[in-house]
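# Structure at a glance
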Amino acid sequence: MIGTTKKPLEEVLAALAPYRKVAVVGCDGCAKICQTGGVDEVAQLARTLEAHGKEIVFEATPERTCNVAKSDPILKPLTDKIQEADALLVLGCGGAVQITRYLTEQYGLTKPVKVGLNSVGHLDTVVPGAVAMEECSDCGECVLNDTGGICPVTRCAKSLLNGPCGGAEGGKCEVDHNRDCAWILIYERLKALGETDKLKRFMEPKDFSKMAKPRTLYIKEGRVAS
Ligand code: SF4
Ligand code: SF4
């Protein structure tokens, strides 16, 4: 899931200041889970924008706005309405915003597309409805096979591939005492699995070229291939 938080209303209003007629596009996928851009949040912000003098041309909430196959059937029938709008405001991740822009361009329209949320990373729902936390940084070269299924790249404050750093106190990270030291968690897990030998081997530096941007995946014969 892409985590999102709401931008302050003043920032949204500043972005929309030049425009009167606004279309609000949400996302019923990740943003809905984050309670930032589902149907309810779209309606709530639309009413707030009306109270600030905006005319809402339409509200739409594709199932996953970053997905062209999900968004296009919702937005294409609204082409005339998009034409009428002075700007679109998207309550989704940065990808949702850019796919919305892409689709408007596909419909032959050049419209300002603004973002109402901040994207805060690839998060995982640990306790649905309560906690979402970053477990993976999408490094492109996964080491979980050797770390008992706990990611040191993301959960160690220093992203150490060979740890621990020696600064942990009472099992907590020296950088943030509220968090468990990832490498102690990895040690405990490997011990439980009878795999502590894995700690003896040196993990080579990562190939950071696999994180070079922008990364692209292609679908070939029905499967994703890099
Ligand atoms: S090593 Fe960590 S950051 Fe890299 S892919 Fe695996 S879980 Fe994600
Ligand atoms: S205390 Fe543990 S989690 Fe924190 S930086 Fe050191 S090895 Fe990483």
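Residues numbered from 1 in each chain as written. Chains lettered and ligands numbered in written order. Predicted model: local features only at pLDDT ≥ 70, side-chain atom pairs only at ≥ 80, totals over all residues. Heavy atoms only, no water.

## Topic: the overall build of the chain
Scanning the chain for helices and strands turns up eight helices and ten strands. For the chain, whose C-alpha radius of gyration is 22 Å, the value lies well above the compact-globule estimate of 17 Å for 226 residues. Taken along its principal axes, the extent of the C-alpha atoms in the chain is 65 × 45 × 25 Å. Counting across all 226 residues of the chain, residues that qualify as buried make up 33%. In the chain, of all internal contacts separated by at least 6 residues, the share reaching a separation of at least 24 is 64%. For the chain, the accessible surface area stands at approximately 13000 Å², while carbon and sulfur atoms represent 52% of it. In the chain, 29 side chains carry a positive charge and 30 a negative one; their mean positions are 2 Å apart. (Helix = DSSP H or I, 4+ residues; strand = E, 2+ residues; numbered from the N terminus. Rg over C-alpha atoms; globule rule 2.2 N^0.38 Å. Buried < 20%, exposed > 50% of the residue type's maximum accessible area, 1.4 Å probe, protein only. Contact = heavy atoms within 4.5 Å. Areas by Shrake-Rupley, 256 points an atom, 1.4 Å probe, with all protein chains shown as cover. Lys, Arg positive; Asp, Glu negative; His and termini not counted. Charge placed at Lys NZ, Arg CZ, Asp CG, Glu CD.)

## Remarks on the site of ligand 2
Every residue near ligand 2 is listed here: C156, A157, K158, L160, P164, C165, A168, C173, E174, C181, A182 and W183. Partitioned by chemical class, the residues of the shell around ligand 2 number ten nonpolar, no polar and two charged. (Near = heavy atom within 4 Å. Nonpolar A, V, L, I, M, F, W, Y, C, P; charged D, E, K, R; others polar.)

## Some details on the site of ligand 1
C136, S137, D138, C139, C142, V143, L144, C151, V153 and T154 make up every residue found near ligand 1. The class makeup of the residues in the shell around ligand 1 is seven nonpolar, two polar and one charged.

## With respect to the packing of helix α4 (residues 68-75) against helix α6 (residues 94-106)
Running from N to C, α4 and α6 cross one another at 50°; their axes reach a closest spacing of 10 Å. In terms of orientation, α4 and α6 fall into the oblique class. At the point where α4 passes α6, the crossing takes the right-handed sense. Contact residues: α4 offers V68, S71, D72 and L75, while α6 offers I99, T100, Y102 and L103. For the contact of α4 with α6, the residue count by class is five nonpolar, two polar and one charged. (Axes fitted to C-alpha atoms, helices over the stretch in contact; angles between N-to-C directions. Parallel < 35°, antiparallel > 145°, perpendicular 65-115°, else oblique. Left-handed = near helix turned anticlockwise from the far one by under 90°.)

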